[in-house]
Amino acid sequence: MDTNDRNILNVRNLQVDVRTKEGSTTLVQDINFGLRKGEILGLVGESGSGKTVTSMSILQLHDRKNVDIIGSITLNGRELNGLSNRDMRKIRGKDIAFIMQNPMNAFTPVFTIGQQFLETIRSHTSLNKKQARELAMDVMESVNLPEPDKLLKYYPFQLSGGMLQRVMIAMAACLQPSVIIADEPTTALDLHSQVLVLRLLDKIRSEYGTSILLISHDLGVISEMADHVIVMQHGKIVESANVLEVFDHPQHEYTKKLLRTRPTLYSEKQPYTYML
Amino acid sequence: MSNQIMKKPVLLISVIILILSIALIGCSNESVENKEETTSKSENALTFAWPRDIGELNPHVYNPSQLFSQSMVYEPLVSYGDGGELKPHLAESWEISPDGKEYLFHLRQNVKFSDGTSFNAEIVKKNFDAILKNVDFHSWLGFISKIAQTEVIDENTFKLTLTEPYYPTIQELAVVRPVRFLGEAGFPQDGDTSKGVEKPVGTGPWVLDDYKVDEYAVFTRNEAYWGELPSVEKITVKIIPDAETRVLAFEKGELDLVYGEGVISIDSFNQLKSTGSYGTSISEPVATRQLVLNTTKEQLSDERVRQALHYGFDKAAMVEGVTSGLEEKADYILPTNFPYTSDIDVNTVKYNVEKAKQLLDEAGWKLPEGKSVREKDGKPLEVELMYNSAESIQKTMAETLQSEWAGLGVKLNIVGVELTTQVERFKANEFDMNFFSNYGAPYDPHTFVNIVATEGFGFNEAISAYSNKEEILSQIAKVTQTTDEAERQQLYSEILGSLQEQGAILPISYIKKIAIYKKDISNFTFPGNRDEHPFTGISVKE
Amino acid sequence: MATYVFKRIITIVPIFLIATLITFGMINLSPVDPAEAYFAAAHIQATDEALEQKRHEFGLDQPLLIQYVNTLIKICQFDFGISYVTNKPVWEEISARIPATIQLTIGSLLIAIFVSVPIGFLAGIKKNSGMDHFSRFLSFIGASIPSFWLGYLFIFFFSVKLDLFPVEGTGTWKHLILPSLTLAFPLIALYTRLLRASILENLQESYVLFARTRGIHEMAIMGKHVLRIAISPMITGLGMNLGNLLTGAIIVEAVFSWPGFGRYFLEAIFNRDVPVIQAYVLLAAGLFLISNLIVDLIQMFIDPRISRKGRQFQ
């Protein structure tokens, strides 16, 4: 259904080509999807399917010399594809936030969480240090992070992966972006932390109305969180449907294969066991 | 916690760097302002470079005090001029007793030390006594160990008594150290100058004005000097240990004069000379570069072999080639401008390969078929030449000899050693051939012949195969004792002639000093005394 | 953190002790007889009695252990004996020359840092740019040209021909530039490339990407985040070279007539001045230890991972 005008994020006919020594290779093509307000869109695929390329293209974080992005990417009606880096910088972290897979490596090891948090805030606002700090602590409190003022003083290596991820989410949510792109947010975490992280994402979505592009190869996570699901394979979208449809009635062979081979994660859920 | 500092390590490091930089700049600025000013104010000044720090200005010590600087401040009783002329200096005249043991000196009157105190017989005696406190230390200088007594006869008369006649005494009094005179204020409480002096008080034409160890020394002229006041008012000695840097400093104009032996490379000297923008001088011979052959070694025991080696290389070409004309081919083991050396009757050896080969054949060293090295009784004619590895001239000459003598069928192995090793091996007679050069003025010829006679120095053992060795040694013992001038001359002629004829001491070249200076320097003269400074009479055009 | 510093300082002591032991051992194992060396340096022919007397004066007739302990006690008081050549206390001679060497060392370190960091940084973030090629060229020169030749070259061009600086000696900051530059050159050659490689490595790291996604200015990412981390190996390297610089600027000191103790050491070797040589070796050991400590401390400031225990907060 064409709900373009109500979409916060719209990706139309996205194609990404990269120039190599041999010539030009297409990484992803015919990518079409939209993100409504408050919606969680799950993006599923194995490594190399083009998930990361897609998310990086939205952020326009490609190598401008060798990579070409063709197509339209609009945020709240504004065309992002082709924007200068300067303009994109204002959007990144503020209108579109990103959550990385491995929180341990995402933070710069030699600065404290607080320094990096404040850095992000102050890059996009004109708040002074004190105000930024208060804002950060507020956000952290509202997402139930314990002892925010102590937390901010820690260095990344002093915190667990789960805690770092939650802080990262707080950071992402802090400036109330329209879209949060979460790239494999639970993959590197233990089960308990995964639950906390997912709950947090959900909370943000419901409280702030943020749209979330949830990228994962973990079908359990997708089934828990997503409203709508896109399945990617070899740079193309092979299936796009709402979550129940995808899991109950997968259309594409690849989707079926994925569903077959996933390990069971949640005991409450009925595992789908398809015989090969 | 120190988290504050932790959070701002960039700040901390920047602060550290800032402090270091300021300290650096601050430290260095202090004395320069003054130095810059004074050099530009007085035009009548001269800047000179020396490889080593001038050392302590003490007339009675040796290394590391530098000879030239000692000679600027302290003066002798007698001075040594060109050709060995002994002139009155602090002593106006002297008388020697007929038995040759008593020396009476009439001191120059109205001479003052740089601090205004008088120069008289008392202070002369005090200096001699200080030297005699350490006789062993100074016994290398012949007459010192022969001193029996020092006496003050009256204010201006001083008497020196020896245990035996020793004619070189007057000549030896001209040396730069140790027999020069320190003023009263310079003596430490116990009168022992070997530990140091209180102040460098001398009678000489220069006084030390400013001094920074390893960097520079500034001398100003002694306005109260008894003799001819130097035309130049100030001499700055910059300590520059590296030869190339000296050349660069001179080229830039930071130096007015470069002087000495081996202070700059021959190439640099010739290159600077060829520009035509500077004045250059090369001195008369100051010493002879010699080759000493150890006659105790079988290959060298036969005089014919030694002669053959002398005939067997093109000396003129080698000297010209290796020293680029800076040194001169030597025909005598001592330069002829010393006392008693001008008339030695020896056979001058002219390059003659055929004769060399003939001599070797006669001596029984024959060249076997198909071989390149001569043999006698199955033994090859192989010898080793030891040279000072730090001296490039010695090295190049050794290489030249190696190739020239190969043409004769002589295998020469060359080995470079450190100076200390060279000296040790020479003393221990552990060598075949060695380079040597004599001390020069004012030490020769008597010091040289003494060295030759001294056991454990190297020569005495090396000439063992001489048929008349004993006779030579007794002549050497006699020559310093005889009071008969004519006999002395005759003895020297015989000694030096005999030493040279029998071939164990081979003269190669005459070493000379060089000087190069800016065009506004005039009246540059080399001192007669090899160790003295070259500033007598020098002037700077203003 | 304080405990860490304390621990590091403490470890210097045993290492230094070992250094004294080794030096003492080497001096005693060498064939050089200090009494003979003394007379040789003074150019005196020594009689056997004089040698015996000197040996007694030097305490050489006592058992080795006692000699070692005495030496140690003296070292703690900075008494390194008397120079054979000048008869003055060795410590006096060396300490008079230390400031000059330190000046030269600091000068060259500063030049090395202020040249290497910008060039290496720019070469790293803009790979294959003009700056990158320039840094490659610089490294090639710095690595292949021996320092004395470089020194002469600098003097010839900048001093004789262009008259920008004096040829040699000390005095103003101008005198310091050429020798510091000469001494710094091999360091610059090494560290520009090192920094460049380190930066290139770091550019691949996730934190760079994450910072970009947060919308941080590219220059801030490079200059703050990447540089902070990438500079670490360079600092370690410089620290190790600090010891070298302090003790080994001999060639540069000779070419530029810089009155440091490297030059002095050279003369001492030639003169067989044993007490000076001994003192120098110990001094070198001490300086190396101290400079390593300083480097470790700086590392601690820059990289908090070193001094803290991780995972304090789950």
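Our next topic: the overall build of chain B. Scanning chain B for helices and strands turns up 18 helices and 23 strands. Residues classed as buried in chain B amount to 55% of the 542 residues present. Counted over contacts in chain B with a minimum sequence separation of 6, partners at least 24 positions apart contribute 68%. Working note: accessible area of chain B is about 22,100 Å², and carbon and sulfur atoms make up 49% of it. Both charge centroids of chain B, one from 52 positive and one from 81 negative side chains, sit 4 Å from each other.

Here the focus is the overall build of chain C. A count of helical and extended segments in chain C gives 13 helices and 0 strands. Along chain C, helices and strands appear, N-terminal first, in the series α-α-α-α-α-α-α-α-α-α-α-α-α. Judged by the C-alpha coordinates and their principal axes, chain C covers about 85 × 65 × 30 Å. Considering chain C as a whole, with its 314 residues, one finds that 52% of them fall into the buried category. Counting contacts in chain C only where the partners sit at least 6 residues apart, residues at least 24 apart contribute 74% of the total. Computing the positive centroid from 24 side-chain charges and the negative centroid from 21, chain C places the two 19 Å apart.

This part covers the environment of A:Arg78. All names here are of chain A. Relative to the elements of secondary structure, Arg-78 occurs in strand β5 (residues 78-79). For Arg-78 and Asn-10, which are 68 residues apart along the polypeptide, the C-alpha to C-alpha distance reads 9.6 Å. Excluding its chain neighbours within four sequence positions, the residues that come into contact with Arg-78 are Ile-73, Leu-83, Asp-87 and Ile-91.

By the burial criterion, the buried members of helix α9 (residues 206-213) of chain C are C:Tyr207, C:Val208, C:Phe210, C:Ala211 and C:Thr213. Residue C:Gly215 follows α9(C) closely and has a positive phi angle near 85°.

This part is about the packing of aromatic side chains. Residue and element names in this part refer to chain B. This model, assessed by the stated rule, comprises 44 aromatic pairs over all chains. Ring plane angle 40° and centroid distance 6.4 Å describe the contact between Phe-48 and Tyr-259, whose orientation is recorded as tilted. Taken as a pair, Phe-48 in strand β1 (residues 45-50) and Tyr-259 in strand β11 (residues 257-260) lie far apart in primary sequence, 211 residues in all. Here the two residues Phe-48 and Tyr-259 agree in accessibility, since each one is buried.

Structurally, B:Arg289 can be placed in strand β13 (residues 287-293). Discounting chain neighbours no more than four positions away, the residues touching B:Arg289 are B:Glu327, B:Glu391, B:Ile393, B:Gln394, B:Met397, B:Phe436, B:Ser437, B:Leu506, B:Pro507, B:Ile508, B:Ser509 and B:Ile511.

Let us look at a nonpolar patch on the surface. On the surface, B:Leu419, B:Val423 and C:Phe270 cluster together to form a nonpolar patch covering roughly 260 Å² of accessible area. Relative to the helices and strands, B:Val423 is located in helix α14 (residues 419-427).

The next point concerns the packing of helix α10 (residues 303-311) of chain B against helix α12 (residues 353-362) of chain B. Residue and element names in this part refer to chain B. Close contact between α10 and α12 brings their axes to 8 Å; oriented N to C, the two are set at 165°. Relative to α12, the element α10 is oriented roughly antiparallel. Relative to α12, the crossing made by α10 is left-handed. Touching Arg-304, Val-305, Gln-307, Ala-308 and Tyr-311 of α10 are Val-353, Lys-355, Ala-356, Leu-359, Leu-360 and Glu-362, all from α12. Grouping the amino acids of the contact of α10 with α12 by side-chain chemistry returns 7 nonpolar, 1 polar and 3 charged.

Moving on, we get to the pattern of salt bridges. In total, this model carries 45 salt bridges over all chains according to the counting rule given. For the salt bridge of B:Arg180 with B:Glu532, the shortest nitrogen-to-oxygen distance reads 2.6 Å. Remark: B:Glu532 occurs in the loop between β22 (521-522) and β23 (539-540) and B:Arg180 occurs in the loop between α7 (169-172) and β8 (206-212); sequence separation between them is 352 residues. Accessibility expressed as a relative area gives 1% for B:Arg180, which makes it buried. Note on B:Glu532: relative accessible area 18%, which makes it buried. The partner of C:Glu93 in a salt bridge is C:Arg97, with the nearest N and O atoms 3.1 Å apart.

Another point: a negative patch on the surface. A cluster of acidic residues, A:Asp138, A:Glu141, A:Glu147 and A:Asp149, forms a negative patch on the protein surface. Structurally, A:Asp149 is set in helix α6 (residues 148-152).

What follows concerns the side chain of A:Gln194. Residue and element names in this part refer to chain A. Within the secondary structure, Gln-194 sits in helix α8 (residues 191-208). On the accessibility criterion, Gln-194 (9% relative accessible area) is buried. Within the structure, the side chain of Gln-194 is placed 3.3 Å from the backbone oxygen of Thr-186, a separation counted as a polar contact. Other than its neighbours up to four places away in sequence, Gln-194 contacts Thr-186, Leu-189 and Asp-218.

To continue, consider unusual backbone geometry. Residue B:Ala441 is joined to B:Pro442 through a cis peptide bond whose omega torsion reads 0°. Following the sequence through the fold, B:Pro442 ends up in the loop between β19 (433-437) and α15 (446-453). Here A:Asp30, not a glycine, exhibits a phi torsion of approximately 55°, which is positive. Here A:Asp30 shows up in strand β2 (residues 24-36).

Right, let's get into the confidence of the model for chain C. Per-chain confidence: chain C averages 84 in pLDDT, with 94% of residues scoring 70 or above. Within chain C, the element-level pLDDT minimum falls on helix α2 (residues 34-41) of chain C, averaging 72, and the maximum on α9(C), averaging 93.

This part takes up the pairing of strand β3 (residues 40-44) of chain A. All names here are of chain A. Counting buried positions along β3 yields 5 of 5 residues, so the element is predominantly enclosed. Burial of the side chains of β3 extends over both faces: Ile-40, Gly-42 and Val-44 are buried on one face and Leu-41 and Leu-43 on the other. As judged from the 4 bridges shared by β3 and strand β9 (residues 228-233), these two strands associate in the parallel manner. The residue bridging Val-44 from the neighbouring strand is Val-231, located in β9.

What counts, and at which threshold
Residues numbered from 1 in each chain as written. Chains lettered and ligands numbered in written order. Predicted model: local features only at pLDDT ≥ 70, side-chain atom pairs only at ≥ 80, totals over all residues. Heavy atoms only, no water. Helix = DSSP H or I, 4+ residues; strand = E, 2+ residues; numbered from the N terminus. Buried < 20%, exposed > 50% of the residue type's maximum accessible area, 1.4 Å probe, protein only. Contact = heavy atoms within 4.5 Å. Areas by Shrake-Rupley, 256 points an atom, 1.4 Å probe, with all protein chains shown as cover. Lys, Arg positive; Asp, Glu negative; His and termini not counted. Charge placed at Lys NZ, Arg CZ, Asp CG, Glu CD. Phe/Tyr/Trp six-rings, centres within 6.5 Å; stacked < 30°, edge-to-face > 60°. Patch = residues over 30% accessible without salt bridge, like charges linked within 9 Å, V, L, I, M, F, W, Y side chains within 5 Å. Salt bridge = Lys/Arg side-chain N within 4 Å of Asp/Glu carboxyl O. Axes fitted to C-alpha atoms, helices over the stretch in contact; angles between N-to-C directions. Parallel < 35°, antiparallel > 145°, perpendicular 65-115°, else oblique. Left-handed = near helix turned anticlockwise from the far one by under 90°. Nonpolar A, V, L, I, M, F, W, Y, C, P; charged D, E, K, R; others polar. Polar contact = N/O pair within 3.5 Å; in protein donor to acceptor, adjacent residues only side chain to side chain. pLDDT = per-residue confidence, 0-100. Pairing = 2+ DSSP bridges.

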